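Inside the fold
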Amino acid sequence: MRQALNFMFKDLEYDFQVIKFPTVSPSYIEVQVLLNHVTRTLVKNTTKWQLKENNGIHDEDLIEAIGQAIDERYRLI
């Protein structure tokens, strides 16, 4: 799929690509993105976006901002 998206976060512009279209259920959303040349899986359980494979590398606010950009693009909210 490789849908490219970009957004501003803390006065910096970020680009990422949606690799796999979001999987949506009533209480769970999962989407694969390419961020900084690394594939990451983001999940949203009811209210908050986070990394599925949480290895503590990424800023939680950045992950939330990416998730919100996906929400807005695909009208998941």
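So, a few notes on the structure that sits alongside this text. Please read these numbers as outputs of a predicted model, since none were measured by experiment. (Residues numbered from 1 in each chain as written. Predicted model: local features only at pLDDT ≥ 70, side-chain atom pairs only at ≥ 80, totals over all residues. Heavy atoms only, no water.)

A closer look at the nonpolar core
In terms of nonpolar packing, the biggest core is built from 19 residues, with Phe7, Phe16, Leu42, Ile66 and Ile70 touching the most fellow members. Elements represented by at least two residues in this core include exactly β1 (3-9), β2 (12-25), β3 (28-35), β5 (48-51) and α1 (60-74). Among the elements that line this core, the one with the most residues is α1, at 7 residues. Those residues in contact with Ile66 that lie beyond four places of it in its chain are Phe7, Phe16, Leu35 and Leu42. (Core = buried A, V, L, I, M, F, W, Y, C linked by side-chain atoms within 4.5 Å. Buried < 20%, exposed > 50% of the residue type's maximum accessible area, 1.4 Å probe, protein only. Helix = DSSP H or I, 4+ residues; strand = E, 2+ residues; numbered from the N terminus. Contact = heavy atoms within 4.5 Å.)

Here we look at the pairing of β5
A one-sided burial pattern is seen for β5, the buried positions being Trp49 and Leu51 and the unburied ones Lys48 and Gln50. When strand β4 (residues 38-45) meets β5, the two strands line up antiparallel, connected through 4 bridges. Of the residues in β5, the one forming a bridge with Val43 is Gln50. (Pairing = 2+ DSSP bridges.)

Quick look at the pattern of salt bridges
Opposite charge on two side chains makes pairing possible when the charged atoms of those side chains draw close. With the rule as written, the count across this model stands at 4 salt bridges. Here Lys10 ties to Asp59 by a salt bridge, and the two come within 3.4 Å at their closest N and O atoms. Linking Lys10 in the loop between β1 and β2 with Asp59 in the loop between β5 and α1, this pair joins segments that are 49 residues apart in sequence. Overall, Lys10 belongs to the exposed group, its relative accessible area being 57%. The salt bridge partner of Lys52 is Glu30, with a shortest N-O separation of 3.3 Å. With Lys52 in the loop between β5 and α1 and Glu30 in strand β3, this pair connects stretches of sequence that are 22 residues apart. (Salt bridge = Lys/Arg side-chain N within 4 Å of Asp/Glu carboxyl O.)

A word on α1
In this model, α1 (15 residues) spans 21 Å end to end at C-alpha, consistent with the 21 Å of a helix rising 1.5 Å per residue. Buried residues of α1: Leu62, Ile63, Glu64, Ala65, Ile66, Gly67, Ala69, Ile70, Asp71 and Tyr74, and no others. Between the side-chain oxygen at the start of α1 and the backbone nitrogen of Asp61 there is a gap of 3.0 Å, and the oxygen is on Asp59. Phi turns positive, to about 50°, at Arg75, one or two residues after α1. (Expected span 1.5 Å × (residues − 1). Polar contact = N/O pair within 3.5 Å; in protein donor to acceptor, adjacent residues only side chain to side chain.)

Some words on unusual backbone geometry
Across residues other than glycine, the phi torsion is negative in most instances, and most of the peptide bonds are trans. Residue Lys10 is not a glycine yet carries a positive backbone phi of 50°. Unlike most non-glycine residues, Asp11 shows phi in positive territory, near 65°. Here Asp11 shows up in the loop between β1 and β2.

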